[in-house]
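# Examination of the molecular architecture
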Amino acid sequence: LLYTIKFENTMSVSASRAIRRFFHYGPLTASFIIFLVTIITISCILAATPITTFRLPSGKSSWEHHPSWSSFANLTVFLCFVILTTYHFVACMLFGPGFVKHDWAPESQKIKDKLQYCQECEAYKCPRSHHCRKCQRCVKKMDHHCPWINACVGHKNHAHFLRFLFYSSTGCLYGGVVMGNAAISIIFYTNSHFIMAFYFNTISRFVILIFATGIAFGVSLAVGFLLCMQLRDVSNNTTSIETWIIKKAQWRHKILGTEFVYPYDLGSKWANLTQVINMTNFAKGDGYTWPVVPSTDQYTFTEEQRLQKEAKRKRMIEHTIINSYNTNWFSPLTLKFPVLFCVCNGIDDKYLEVKVGDQVMVSRWRKRWLYGCVQRKGKSKSGQLVEREVAGWFPRICAMEIAEQHRKQD
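These numbers come from a predicted model, not from an experiment. (Residues numbered from 1 in each chain as written. Predicted model: local features only at pLDDT ≥ 70, side-chain atom pairs only at ≥ 80, totals over all residues. Heavy atoms only, no water.)

### Side note on the overall build of the protein
As a reminder, the rule being used: Helix and strand assignments follow DSSP, with helices taken as H or I runs no shorter than four residues and strands as E runs no shorter than two, numbered in order from the N terminus. Burial classes: relative accessible area under 20% of the type maximum marks a residue as buried, over 50% as exposed, and values in between as partly exposed (1.4 Å probe, protein chains only). Residue contacts are counted whenever heavy atoms from the two residues lie within 4.5 Å of one another. Methods summary: accessible areas were calculated by the Shrake-Rupley approach with a probe of 1.4 Å, and residue burial reflects only the protein chains presented.
Counting its secondary structure elements, the protein contains 14 helices and 13 strands. Sorting the 410 residues of the protein into buried and exposed places 42% on the buried side. The contacts of the protein with a sequence gap of at least 6 include a subset with a gap of at least 24, amounting to 67%. Carbon together with sulfur atoms contributes 63% to the accessible area of the protein, which is approximately 23000 Å² in total.

This is how it looks when you write it as structure tokens:
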């Protein structure tokens, strides 16, 4: 009953939205991997040691039934991993990360001045929240946007996500060992493994077995590495985004000759871990306020973020656009310079459409790409035409630094 109440109080997305989340390359690929590893592993377990066997004892004319308890235990353990992996996988999408309410705002103007304002949501960001361009919402205690669940990992589903990583990596390792043993048994065929060879008696079935074994070990290694990174962050009561902000804060304070105090580190690894991992399957708190160390307050980290963004703006270099770019992979620019198509930053990266004459403030540089922001006119939620900042990556050959342009003109 208590779990049901908790479930009803923490539902953050509708059933239709959760279903739409599933029909995406990430969840569909993850589901296929779970299905493939499950089916092949179960086949290997049943082929190696069937749950029930019938033997004809010497001197008797009737068959005796002999249950195989080792096979039954083996199958039960693996199915537990499958069920728990599937449950937490679905729960990550069903509960969602937890979004900041559109109308959320502190009553005090003094506190509002300490917060960040989201131009996309046209609302204040609560402490530890970040705007996700994929979800198009501000996410409470956002860790990252995960393509495999087609949703952000945030305050509400972080505990489910950690359990999903643990059960999937362990389950894939378990299945990989079973399937690897089956493959070895077939390669070094003996009479004791006749049933195993009968199950995989064609080249295509054996290839599928080898493929599933490789997938299982690969997923176990990759997901296990991600789990270790997540546990490291949770034990420090941080997220992957906050870890990067802390590094910049420590570097900035080192230059200033001051010491940066992270406000959410509760002093012990166990206290930090239990903020997310506990018996309720949900992180503690409401996602708006957090326990902090005595020398700080709720808005210390937010104020640090604002100072970092101000320093970032001062470091921006103004560029003028000399070649248009419309963000399509097969745009005239990418057809003219095919190398741009081959070395794009990634499918999930945000690209910026630019036109000749645009003035872009660039903050990040790569070999062939620049990241900058430009002012664009757009409609607000009230329907008014307003100017807002749009940022993204665009090809380096599209822009020229203003200072460089002046030198060429001179």
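### Here's the deal with the pairing of strand β9 (residues 317-321)
For clarity, the threshold we go by: Between any two strands, at least two bridges found by DSSP are needed for them to pair.
Note that β9 and strand β10 (residues 359-365) share 4 bridges and pair antiparallel. Within β10, the residue paired with H319 across the bridge is V360. Sheet topology places β9 next to strand β13 (residues 399-401); 3 bridges connect them, and they run antiparallel. In the strand pairing of β13, I321 is matched with A399.

### Here's the deal with a positive patch on the surface
Put simply, the test is: The patches described consist of residues with a relative accessible area above 30% and no salt bridge, like charges being joined within 9 Å and nonpolar side chains (Val, Leu, Ile, Met, Phe, Trp, Tyr) within 5 Å. The salt bridge definition used is simple: a Lys or Arg side-chain nitrogen within 4 Å of an Asp or Glu carboxyl oxygen. In this count, Lys and Arg are taken as positive residues and Asp and Glu as negative ones, while His and the chain termini are left out. Where a charge lies is defined by one atom per residue type: Lys uses NZ, Arg uses CZ, Asp uses CG and Glu uses CD.
Taken together, the side chains of K248, K309, K312, R315, R364 and R366 define a basic patch exposed on the protein surface. Per-element accounting of the positive patch gives the leading share, 3 residues, to helix α11 (residues 300-315). With respect to the helices and strands, R315 occurs in helix α11.

### A short note on unusual backbone geometry
Notably, K141 is not glycine yet its phi reads approximately 45 degrees, a positive angle. Relative to the assigned elements, K141 resides in the loop between β6 (137-139) and β7 (144-146). You will see that N150, though not glycine, has its phi angle at about 50 degrees, which is positive. When you line up the elements, N150 lands in the loop between β7 and β8 (151-153).

### Some thoughts on the state of the cysteines
The bond known as a disulfide is covalent and runs between the sulfur atoms of two cysteines. Note the cut-off: Here, two cysteine sulfur atoms that lie within 2.5 Å of each other are counted as a disulfide.
The tally for this structure, following the rule as stated, stands at 0 disulfides. Free of any disulfide, C135 has its nearest cysteine sulfur in C152, 3.6 Å distant. On the basis of relative accessibility, which here comes to 12%, the residue C135 falls in the buried class.

### Quick look at the nonpolar core
Across soluble globular proteins, nonpolar side chains show a tendency to be buried alongside one another. For clarity, the threshold we go by: As used here, the term nonpolar core means buried Ala, Val, Leu, Ile, Met, Phe, Trp, Tyr and Cys residues forming a set that is joined through side-chain atoms within 4.5 Å.
Core analysis: the largest hydrophobic core is formed by 36 residues, its most contacted members being I40, C44, I149, F161, M179 and L209. Put simply, the parts of the chain that give this core at least two residues each are α3 (25-48), α4 (69-95), β8, α6 (158-187) and α8 (203-235). The element contributing the most residues to this core is α6, with 11 residues. Leaving out residues up to four positions away in the same chain, F161 has contacts with C92, H144, C146, I149, V153, L226 and Q230. With 18 residues, the next largest nonpolar core counts M316, I321, V362 and C373 among its residues.

### Section: the packing of aromatic side chains
Heads up, the rule is: Each Phe, Tyr or Trp ring (for Trp, its six-membered ring) is paired with any other whose centre lies within 6.5 Å, and the angle between the two planes then decides the class: stacked below 30 degrees, edge-to-face above 60, tilted in between. Whether a charge lies above a ring is judged from NZ of Lys or CZ of Arg, which has to be within 6 Å of the ring centre and within 35 degrees of the ring normal.
Under the defined criterion, the tally for this structure stands at 16 aromatic pairs. Aromatic side chains Y117 and Y124 sit 5.3 Å apart centroid to centroid with 85 degrees between the ring planes, which places their arrangement in the edge-to-face category. Here the aromatic residues F260, Y262, Y264 and F301 are joined through ring pairs into a cluster of three or more. Lying over the aromatic face of Y264, R128 brings its terminal NZ or CZ to 4.2 Å of the ring centre. If you follow R364 out to its NZ or CZ, it ends over the ring of Y371, 4.1 Å from the centre.

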